[in-house]
Amino acid sequence: MSRAVDSVINWARATSLWPMYFGLSCCFVEEITAWTPRYDIARFGAEVLRLSPRQADLLIVSGTVFKKVAPVVLRLYEQMAEPKWVISMGSCANTGGMYDVYSVVQGVNQILPVDVYIPGCPPRPEAVLHGLTRLQEKIQSGERPSGKVFHMSGGSHGTVAPVLVDGETKTRDTRGPGMNGISVRGSSVTPPDFHGTRAQFMWTPPAAQITLSPVENEVKSQLVRRFGDAVAPAEKSADMLTVDVDQSRAAEVLQFLKFGSSPRFLRLEDYTAVDQSARQNPEHYPDFTLVYHLLAFDPAVRVRIRAPLYGRYPETQSIHDLWQNAAWYEREIYDMFGIRFSGHPDLRRLLMPEGWQGHPLRKSYNGRATDMPAYTAEDARNLQPRAGEQFYRVDEHGESYVLNIGPHHTGTHGIIRYIAKMDGETITGLDMDIGYHHRGAEKIGERQHWIQYIPYTDRVDYLVGAANEFPYVLAVEKIAGIRVPERAEYIRVLFAELSRIANHMAYMGITANDVGALTPNFYAFRDREMIMDIVEMISGGRLHPAFFRPGGVAADLPEGWKEPVEAFLRVFPKRLGEYEKITLKNPIFRARTVDVGLMEKHDAVDLGVTGPNLRSTGVNWDLRKNMPYSVYDSLDFDVPTDTISDCWTRFRLRAEECRQSVRIIRQVIDQMPGGRYISEDYRYVVPQRQDMLKDIESLIHHFVNVTRGPKIPSGEAYAATENPRGEQGYYIVSDGLGFAYRVRIRGSSFTNVQAFPKICKGATIADFIAIIGAHDYTPADIDR
Amino acid sequence: MVPVNHTYALSSWTPAVFSFLAFIFAVFLMLAVLMILTGFLGEKRVNENKLRPYESGIIPTGSVPLRYPVPFFLVAVFFLIFDVEGAFIFSWAVAVEALGVKAMVQMTFFIFVLLMGLVYIWFKGGLALKEGKDKRAERR
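Residues numbered from 1 in each chain as written. Chains lettered and ligands numbered in written order. Predicted model: local features only at pLDDT ≥ 70, side-chain atom pairs only at ≥ 80, totals over all residues. Heavy atoms only, no water.

Secondary structure assignment for chain B yields 4 helices and 0 strands. When its helices and strands are written in sequence order, chain B yields α-α-α-α. Classification of the 140 residues of chain B by burial places 15% in the buried group. Restricting to contacts in chain B with at least 6 residues of sequence separation, those with at least 24 account for 41%. When the accessible surface of chain B is summed, it comes to about 11400 Å², and 75% of that surface belongs to carbon and sulfur atoms. (Helix = DSSP H or I, 4+ residues; strand = E, 2+ residues; numbered from the N terminus. Buried < 20%, exposed > 50% of the residue type's maximum accessible area, 1.4 Å probe, protein only. Contact = heavy atoms within 4.5 Å. Areas by Shrake-Rupley, 256 points an atom, 1.4 Å probe, with all protein chains shown as cover.)

Turning next to unusual backbone geometry. Here the residue pair A:Cys121 and A:Pro122 is connected by a cis peptide bond, since its omega of -15 degrees sits within 30 degrees of zero. Among the secondary structure elements, A:Pro122 is positioned in the loop between strand S4 (116-118) and helix H5 (125-142). In this structure, the amide linkage connecting A:Asp298 to the following residue, A:Pro299, adopts the cis form with an omega of 0 degrees. Here A:Pro299 is to be found in the loop between strand S8 (288-296) and strand S9 (301-309). Backbone geometry places A:Ser630, a non-glycine residue, at a positive phi of 50 degrees. Residue position: A:Ser630 is located in the loop between helix H20 (623-626) and helix H21 (647-671). Of note in this structure, B:Ser56 is not a glycine but carries a positive phi near 55 degrees. Inspection of the secondary structure puts B:Ser56 in the loop between helix H2 (48-51) and helix H3 (70-94).

Before going further, it helps to examine the UniProt feature "domain: NADH:ubiquinone oxidoreductase 30kDa subunit" (unreviewed entry) in chain A. This chain's UniProt record puts "domain: NADH:ubiquinone oxidoreductase 30kDa subunit" (unreviewed entry) on residues 243-369 of chain A. Taken end to end, residues 243-369 of chain A has its terminal C-alpha atoms 37 Å apart, with 18% of it in helix and 28% in strand. (UniProt positions renumbered as here; feature names shortened; annotations may be inferred.)

Right, let's talk about the interface of chain A and chain B for a bit. Each partner contributes residues to the interface: chain A has 54 residues there, and chain B has 31 residues. Regarding the contact of chain A and chain B, the summed buried area is about 3600 Å², with carbon and sulfur atoms giving 47% of it. The tally of links from chain A across to chain B stands at 2 salt bridges. Where chain A packs against chain B, one counts 14 residue pairs in polar contact (both at pLDDT 80 or more). When its residues are assigned to classes, the side of chain A that touches chain B shows 23 nonpolar, 17 polar and 14 charged. (Buried area = accessible area lost by both parts, 1.4 Å probe. Salt bridge = Lys/Arg side-chain N within 4 Å of Asp/Glu carboxyl O. Polar contact = N/O pair within 3.5 Å; in protein donor to acceptor, adjacent residues only side chain to side chain. Nonpolar A, V, L, I, M, F, W, Y, C, P; charged D, E, K, R; others polar.)

Our next topic: the side chain of A:Arg386. All names here are of chain A. With respect to the helices and strands, Arg 386 occurs in the loop between helix H10 (377-382) and strand S12 (401-405). Of the polar contacts made by the side chain of Arg 386, one reaches the side chain of Glu 354; its length is 3.2 Å. Those residues in contact with Arg 386, other than ones at most four positions away along the chain, are Arg 348, Glu 354, Phe 391 and Arg 417.

Residue and element names in this part refer to chain A. Within this numbering scheme, the UniProt entry marks Cys 26, Cys 27, Cys 92 and Cys 121 as carrying the feature "binding site: [4Fe-4S] cluster" (unreviewed entry). Considering the C-alpha atoms alone, the annotated residues occupy 96 residues of sequence yet fold into one spot, their largest mutual distance being 10.5 Å. Secondary-structure assignment places Cys 26 in helix H2 (residues 26-35). Ignoring sequence-local partners within four residues, the contact set of Cys 26 consists of Pro 122, Arg 459, Tyr 462, Leu 543 and His 544. Relative to the assigned elements, Cys 92 resides in helix H4 (residues 91-95). Classification of Cys 92 by relative accessible area gives buried; the value is 5%. Leave out the neighbours within four places in its chain, and Cys 92 touches Gly 63, Thr 64, Gly 97, Tyr 99 and Val 105.

The next thing to look at is empty space enclosed by the protein. Residues and elements named next belong to chain A. This structure, assessed with the given rule, holds 10 cavities of 30 Å³ or more. One number sums up the size of the largest cavity: a volume of about 100 Å³. For the lining of the largest cavity, the elements supplying multiple residues, two or more each, are helix H14 (486-514) and helix H15 (519-539). Considered class by class, the residues forming the lining of the largest cavity number 12 nonpolar, 2 polar and 1 charged. (1 Å grid on protein atoms, 1.4 Å probe; cavity = no way out; pocket = protein on both sides within 12 Å on 5 of 7 lines; lining within 4 Å. Points joined across faces, edges and corners; volume = space filled by probe spheres on them.)

What follows deals with the UniProt feature "transmembrane region" (unreviewed entry) in chain B. Under the feature "transmembrane region" (unreviewed entry), the UniProt entry names residues 20-42, 72-95 and 101-123 of chain B. Between the C-alpha atoms that bound residues 101-123 of chain B the distance is 33 Å, and the span itself is 100% helix and 0% strand.

Below, the discussion takes up the sheet that holds strand S19 (residues 742-746) of chain A. Each strand in a sheet pairs with another by means of backbone hydrogen bonds, the pair being arranged parallel or else antiparallel. Residue and element names in this part refer to chain A. Spatial strand order, S17-S18-S19: 3 strands in an open sheet with antiparallel pairing. Sheet topology places strand S17 (715-723) and S19 at the edges, where each strand pairs with a single neighbour. Within this sheet the neighbouring strands show an average axis-to-axis angle of 10 degrees, counted without direction. As judged from the 5 bridges shared by strand S18 (residues 726-734) and S19, these two strands associate in the antiparallel manner. Its bridge partner lying in S19, Val 733 is registered against Arg 742. (Pairing = 2+ DSSP bridges. Axes fitted to C-alpha atoms, helices over the stretch in contact; angles between N-to-C directions.)

Before going further, it helps to spend a moment on the sheet that holds strand S13 (residues 417-423) of chain A. All names here are of chain A. Here 3 strands make up an open sheet; going across it, the order is S12-S13-S14 and the pairing antiparallel. Two strands in the sheet have a free side with no partner beyond their single neighbour: S12 and strand S14 (426-433). On average, adjacent strands in this sheet sit at an angle of 25 degrees to one another, irrespective of strand direction. One ladder, built from 7 bridges, connects S13 with S14; its direction is antiparallel. What sits directly across from Asp 423, in S14, is Thr 426.

As a further point, take the environment of A:Ser248. Residues and elements named next belong to chain A. Tracing the backbone through its elements, the reader meets Ser 248 in the loop between strand S6 (241-245) and helix H8 (250-260). A residue is classified by how much of its surface remains accessible, and Ser 248, at 53% relative accessible area, is exposed. Within the structure, Ser 248 has its side chain in polar contact with the side chain of Asp 246 (distance 2.9 Å).

Before going further, it helps to spend a moment on the domain arrangement of chain A. Interface size, as often reported, equals the accessible area lost upon joining of the parts. Residue and element names in this part refer to chain A. Parsing chain A into structural domains produces domain 1 (1-150), domain 2 (214-342) and domain 3 (441-754). Centre-to-centre separation of domain 2 and domain 3, based on C-alpha positions: 28 Å. Each partner contributes to the interface: domain 2 provides 38 residues, whereas domain 3 provides 34 residues. Taken together, the two surfaces of domain 2 and domain 3 that pack against each other cover about 2900 Å², and 53% of this comes from carbon and sulfur. (Domains from an automatic or database assignment.)

Below, the discussion takes up the layout of surface pockets. Residues and elements named next belong to chain A. Here the second largest pocket is characterised by a volume of approximately 810 Å³. The wall of the second largest pocket is formed by 32 residues, among which Lys 236, Tyr 285, Arg 306, Gly 715 and Glu 716 lie closest to the centre. Mapped onto the lining of the second largest pocket, the elements with two or more residues apiece are S6, S8, S9, S17 and S18. Residues belonging to the lining of the second largest pocket are distributed by class as follows: 14 nonpolar, 10 polar and 8 charged.

Residue and element names in this part refer to chain A. According to the stated counting rule, one finds 0 disulfides over all chains in the structure shown. The cysteine Cys 26 is free of any disulfide, with Cys 121 supplying the nearest cysteine sulfur at 5.8 Å. Residue classification places Cys 26 among the buried positions, given a relative accessible area of 6%. There is no disulfide at Cys 647, and the cysteine sulfur nearest it, in Cys 760, is 8.5 Å away. (Disulfide = S-S within 2.5 Å.)

Below, the discussion takes up H21(A). In this model H21(A) runs 36 Å from its N-terminal to its C-terminal C-alpha over 25 residues, within 8% of the 36 Å that 1.5 Å per residue would give. The element H21(A) is largely enclosed, with a buried count of 18 among its 25 residues. (Expected span 1.5 Å × (residues − 1).)

A few words on the environment of A:Ile139. All names here are of chain A. Tracing the backbone shows Ile 139 in helix H5. For Ile 139, a relative accessible area of 0% corresponds to the buried category. Residues Ile 139 and Trp 85, spaced 54 residues apart in sequence, show a C-alpha to C-alpha distance of 9.4 Å. Once residues within four sequence positions are removed from consideration, Ile 139 is found in contact with Asn 10, Ala 14, Leu 17 and Trp 85.

Residues B:Val17, B:Phe20, B:Leu21, B:Phe23, B:Ile24, B:Val27, B:Phe28 and B:Leu31 make up a contiguous nonpolar surface patch of about 800 Å² in total accessible area. Residue position: B:Ile24 is located in helix H1 (residues 17-41). (Patch = residues over 30% accessible without salt bridge, like charges linked within 9 Å, V, L, I, M, F, W, Y side chains within 5 Å.)

Next comes the structure, spelled out in structure tokens:
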């Protein structure tokens, strides 16, 4: 009898799964792809993904769980209806995967019971559907719900798998679970430590050196005239004018560069620190170095200011009053390095949770999560995010109230938490809390070798794949002076522009979705899938091709690469017109976006806003035109700009950018030159496979550069590219080893979102969702 | 209750107090049975987190009872006014032929007055939750 009841209940439950996503990463993008009609998640009884735990009986944890966000995941799970199931998706969700770093929970099964695993990084949409099918099978065959529901003893439903216990059921051996029986390094049978790299015994030519342009020379002499001995321009530089400044005068020099020099450096492009304590020859370096990158728009020129700091916990003067975005940069430096800034109004941790011990980017800090105490459900219960009343005081009389929007909110897409002070429907104050998605990508750059690191750059902004690799390889090439063959340059441009369209398609679909239109989402993802297919056909990877290499690309274009690209170009412009029709011409969409979220030009420049958001304020600034890299100066395209920066304009500009990208791709197809796809300088690159199979010299270089990484000469370089979301830059410091000494990622969203408190004040909640959607719907690269 | 004899207007159904009460009773009984059954059959695991309001996964701040701002009340009051209008219009629509032209004129006047009220509120900005939002210049 109960058998029959069981199968009825099981059938009903398995065919009407109500999934709720917890999506933070690349996996999440694949999950929402599974949601589109091409894959049709509706067959599981779920027309839509549920957004509140109260409505859901299945939690799909898609992507990495970070220590800061783990309390949120656990709360969602505990608030779900009974019975509840859990699917864990992605390699890093299951074990930490490729992200074995301080900020990552080593597998969601340490804090939650898991039913089904969907492996892969990221898994394809088909894999998501297969995982759901597996769960259905598991429910139908394995669960005995009637015992539970009729108050009888026995019976089982929902997740019952035990969570992993550190040391008992979970191994934290970085060598993998198969190495359980083999003693770790330093025992009687194994040597005490790795020999590590032998790169320091290799000879390379010194780092590349540029000759300064007349403008840079002029700035240099202005600084020397004004500040005398306090400034010392570096003799050699691989990329731009570099000036060492006495720490006590740094703020003064920066003020002069912003207001007094000619040209005026209006934007604080990037601002970070380097811990110099682990250098090969530490006597040449201070304890820490603060590094400022400034940018002048007209003429386009960058300058790097370096200020040395001494002591274990040094303190220096804050420059938050010079540039508004310096406030977050300084909080980040404080968080990551423990450097304090006097005069900073709000110096507290930015990326790591409140109460975190230590400063992760210090060289003395151990970066691997497997070397740290395990993160358990207990920790998740204790280490809650800061409460809203710590951001805004709650009004005693109930006139205004504090509302948390995000991290688990459909409008914030799992990454940011906004703390809004509300007066009725109107936002009177806005604060932001980030770090829920902090992957420690910069720390990982200090341990993976130059080429191993490329897959990590892919994931920094997981929606645009290959475009992320671009600034990284450019920076490495700048230090080592690697020349890239023309064919490789064109292939890179092809990838970058395909990424741009793919990103803007996701942007258009989901922004429209955020303001209430579901249809554009389904259509836009159809075209995004066409691009994914092209990218996969050429590189083998779907979302994260990892295709660029310092010196070129990983492989030549395959036979017949042109046909799918041309097929895409044939259908896409017409469809783009349709998308514009169903969004920009839609009166509801216009009412939600026109004149909403207005941003001023001077604010945008001062805050370091980049990309289409900057161009919407009337600044005609596109790195592809103004500081051309790769082969963009030989391609013909326009940069769309506008002067009224509201949500509607931001949306419209992106549609126009897609059109320009189509133009660029057309030219790339027509002009694609022949020849090599990777540099001939095999000292630094992975040789062409054919050469590697033929001659011993190439084989040696292949072996060395693939296993322990090429030795990149000691030096530093900054390179930025115009990514879909804005300018993404990599500042790379090499100490002449097989891996970077310091990798600094300038995420475009990090500066872009700092404009929100300004432009959201006085908006309603509904406007707010439109603003964050149209600004940048998933600020993936904000946390790095 | 007087039975409705106008066979041309409605069906021949005769309302009676007893059957009406029986119907109400049946509805309440069914609701009670369903709720007791689900409460008894289903499994409950109550914990502190489950009882908390859901606010994007963060522990909420402040309490639920708060002083509602005036625009919320205004919208609620306007809704009530225009909802009552519906009650009149529907009942008139049911008997439109029986009531004849006179009622038609009266009703038209009634609707017209309400419409004028709506237009007045609209222009006064009473329907805008946020001040000035509806006065946005259409620049494109």
